[in-house]
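Below are the chains, spelled out letter by letter.
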Amino acid sequence: MSVNINLHFTVSQLTDVAQAEAVAGSIGELLRDEGIEDQVSYGAVCDSGVHYVTGESQFPLIITGFGRWQPQFETSFASAVAEAAPAAKGVVEWGYPDEEL
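The text that follows walks through the structure, step by step, so that each part is easy to find. (Residues numbered from 1 in each chain as written. Predicted model: local features only at pLDDT ≥ 70, side-chain atom pairs only at ≥ 80, totals over all residues. Heavy atoms only, no water.)

1. As for helix H2 (residues 66-84)
Consideration 1: Its 19 residues place the ends of H2 26 Å apart at the C-alpha level, agreeing with the 27 Å of an ideal helix rising 1.5 Å per residue.
Consideration 2: Turning to H2, its buried residues number three or more, namely Phe66, Trp69, Phe73, Phe77, Ala80 and Val81. Around the axis of H2, the buried residues are gathered within 95 degrees of arc, so they sit on the same side. Opposite the packed face of H2, turned more than 90 degrees from it, sit the exposed residues Gly67, Arg68, Thr75 and Glu83.
Consideration 3: Buried positions along H2 lie against strand E1 (2-14), helix H1 (17-34), strand E4 (61-64) and strand E5 (89-95). (Helix = DSSP H or I, 4+ residues; strand = E, 2+ residues; numbered from the N terminus. Expected span 1.5 Å × (residues − 1). Buried < 20%, exposed > 50% of the residue type's maximum accessible area, 1.4 Å probe, protein only. Arc of directions from axis to C-beta. Contact = heavy atoms within 4.5 Å.)

See below:
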């Protein structure tokens, strides 16, 4: 069974623009591997000298087997962040638009 899911993520505690761009690149690879790179907007941001990476789905993602896919994605996301910035903190949030009706 498929489910509609909204994805939002933020990676904080980045030291500089180079590290933020490295994290964004690593997350981009994950999104490409998952086949959702065209459905998720993301990038490195600097706001008042604070660097972070943020992203969100442009519209609900249709995921088959979400219960199996979610923990695998979250583990891969954490690995992608740690690979580029070991001290960074990544948070993934899920929305369930069908439940909001």
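2. What about the environment of Ala88?
Consideration 1: Counting through the fold element by element, Ala88 comes out in the loop between H2 and E5.
Consideration 2: C-alpha separation for the pair Ala88 and Val11, spaced 77 residues apart in sequence, amounts to 6.6 Å.

3. A word on the packing of H1 against H2
Consideration 1: Following both chains from N to C, one finds H1 and H2 inclined at 150 degrees, their axes separated by 8 Å at the closest point. One element, H1, and the other, H2, form an angle in the roughly antiparallel class. Seen along the crossing, H1 lies across H2 with a hand that is right-handed. Side by side, H1 and H2 meet where Gln19, Ala22, Val23, Ser26, Ile27, Leu30, Leu31 and Glu34 of the first sit next to Trp69, Gln72, Phe73, Ser76, Phe77, Ala80, Val81, Glu83 and Ala84 of the second.
Consideration 2: In the contact of H1 with H2, the residues fall into eleven nonpolar, four polar and two charged. (Axes fitted to C-alpha atoms, helices over the stretch in contact; angles between N-to-C directions. Parallel < 35°, antiparallel > 145°, perpendicular 65-115°, else oblique. Left-handed = near helix turned anticlockwise from the far one by under 90°. Nonpolar A, V, L, I, M, F, W, Y, C, P; charged D, E, K, R; others polar.)

Fair warning: the whole summary comes from geometry, so function is off the table for now.
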